[in-house]
Amino acid sequence: MIFTVLYLIVNNVTLLDTPTWLSDMKNYCLLLCLIVTWTLTGCHTLHADETELSHAHFARHSMHQHNRIKRLVGEALQADSHSTSLHQLQQLNNQFPQNPMITSAIGYVHAQSHHTKLAILAYQHAIKLAPKRPEWQNNLGTYYCQLGQLAKGIITLKKAQTFASLEEQHWIKDNIQHCHSLQATSGIKNPPPSTHATPH
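For the structure given in this document, a descriptive report is provided here. Computed from a predicted structure; not experimentally measured.

## Considerations on the packing of helix H5 (residues 116–129) against helix H6 (residues 134–146)
- Following both chains from N to C, one finds H5 and H6 inclined at 155 degrees, their axes separated by 8 Å at the closest point. Relative to H6, the element H5 is oriented roughly antiparallel. Here the hand of the crossing between H5 and H6 comes out left-handed. Where H5 approaches H6, its residues Thr116, Ala119, Ile120, Tyr123, Gln124, Ala126 and Ile127 are matched on the opposing element by Trp136, Gln137, Asn139, Leu140, Tyr143 and Tyr144.
- Here the contact of H5 with H6 is composed, by residue class, of nine nonpolar, four polar and no charged.

Dropping the structure here:
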């Protein structure tokens with residue numbers, strides 16, 4: 001604003017009514033205005049570029065962390081015993097308490113150990129951490145079907161479909177059809193927890 005006013009004042013001074021030194025001052029002031037404007041514009045562009053780089057760096061870091069957690073969860077699930085798997089997953093959960101992939105994996109291990117209530121709580125907690133990610137709804141719905149709670153299972157799986165991509169809808173639909181084909185007392189092999197989540 002100051003430089004705009006300065007430009008207008010100096011630009012309205014006529015050369016006929018002013019000495020040479022004032023005319024020179026006018027030219028210097030005009031040059032100064034141009035330099036300052038260019039500098040401010042350049043700083044703004046630099047700031048925007050830095051912001052884009054910061055966002056790109058954050059995305060790369062998030063993806064790297066996601067892949068690292070996914071690998072560690074997979075290694076924990078491959079442990080020799082359920083107790084070892086659970087111990088490793090709980091350690092991961094202490095490091096990343098807001099990660100639904102870890103929480104859902106804990107639910108899976110509890111399910112394999114026939115700790116039904118703990119499994120359901122863990123699956124539900126994973127959904128709370130990422131309510132719009134279909135894989136966590138899918139894991140809980142599939143587990144309900146395994147338990148013979150088909151109505152709950154189908155409702156939960158259909159809810160998962162509402163958040164799913166086209167590709168995800170295919171395997172969720174298969175699970176729904178599987179649930180429909182089961183009798184209340186029949187069993188279903190509990191699939192490993194999904195690890196399709198991305199950092200949102």
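## A word on the state of the cysteines
- Inspection of every chain in the model, using the stated rule, returns one disulfide.
- The side chain of Cys145 participates in a disulfide bridge whose partner is Cys179; the two sulfur atoms lie 1.7 Å from each other. In this structure, the disulfide formed by Cys145 and Cys179 twists by about 115 degrees around the S-S bond and is classed as right-handed. Here Cys179 lies in helix H8 (residues 166–180) and Cys145 lies in helix H6, a separation of 34 residues in the sequence. Like Cys179, Cys145 is buried.

## With respect to the pattern of salt bridges
- Within this structure, the stated rule accounts for three salt bridges.
- Across the pair Arg71 and Glu75 runs a salt bridge whose closest N-O atoms are separated by 3.3 Å. Of this pair, Arg71 and Glu75 both sit in helix H2 (residues 20–77), four residues apart, which is roughly one turn of that helix.
- Ionic pairing is found between Glu168 and Arg133, a salt bridge with its closest N-O pair at 3.1 Å. Placement of Glu168 in helix H8 and of Arg133 in the loop between H5 and H6 is noted, with a sequence separation of 35 residues between them. The burial state of Glu168 is the same as that of Arg133; both residues are buried.

## Things to note about the nonpolar core
- In terms of nonpolar packing, the biggest core is built from 26 residues, with Val73, Leu89, Leu92 and Ile102 touching the most fellow members.
- Per element, the largest residue contribution to this core is seven residues, and it comes from helix H4 (residues 100–112).
- Excluding its chain neighbours within four sequence positions, the residues that come into contact with Ile102 are Ile69, Val73, Leu89, Leu92, Asn93 and Phe96.

Reading guide: rules and limits
Residues numbered from 1 in each chain as written. Predicted model: local features only at pLDDT ≥ 70, side-chain atom pairs only at ≥ 80, totals over all residues. Heavy atoms only, no water. Axes fitted to C-alpha atoms, helices over the stretch in contact; angles between N-to-C directions. Helix = DSSP H or I, 4+ residues; strand = E, 2+ residues; numbered from the N terminus. Parallel < 35°, antiparallel > 145°, perpendicular 65-115°, else oblique. Left-handed = near helix turned anticlockwise from the far one by under 90°. Contact = heavy atoms within 4.5 Å. Nonpolar A, V, L, I, M, F, W, Y, C, P; charged D, E, K, R; others polar. Disulfide = S-S within 2.5 Å. Buried < 20%, exposed > 50% of the residue type's maximum accessible area, 1.4 Å probe, protein only. Salt bridge = Lys/Arg side-chain N within 4 Å of Asp/Glu carboxyl O. Core = buried A, V, L, I, M, F, W, Y, C linked by side-chain atoms within 4.5 Å.

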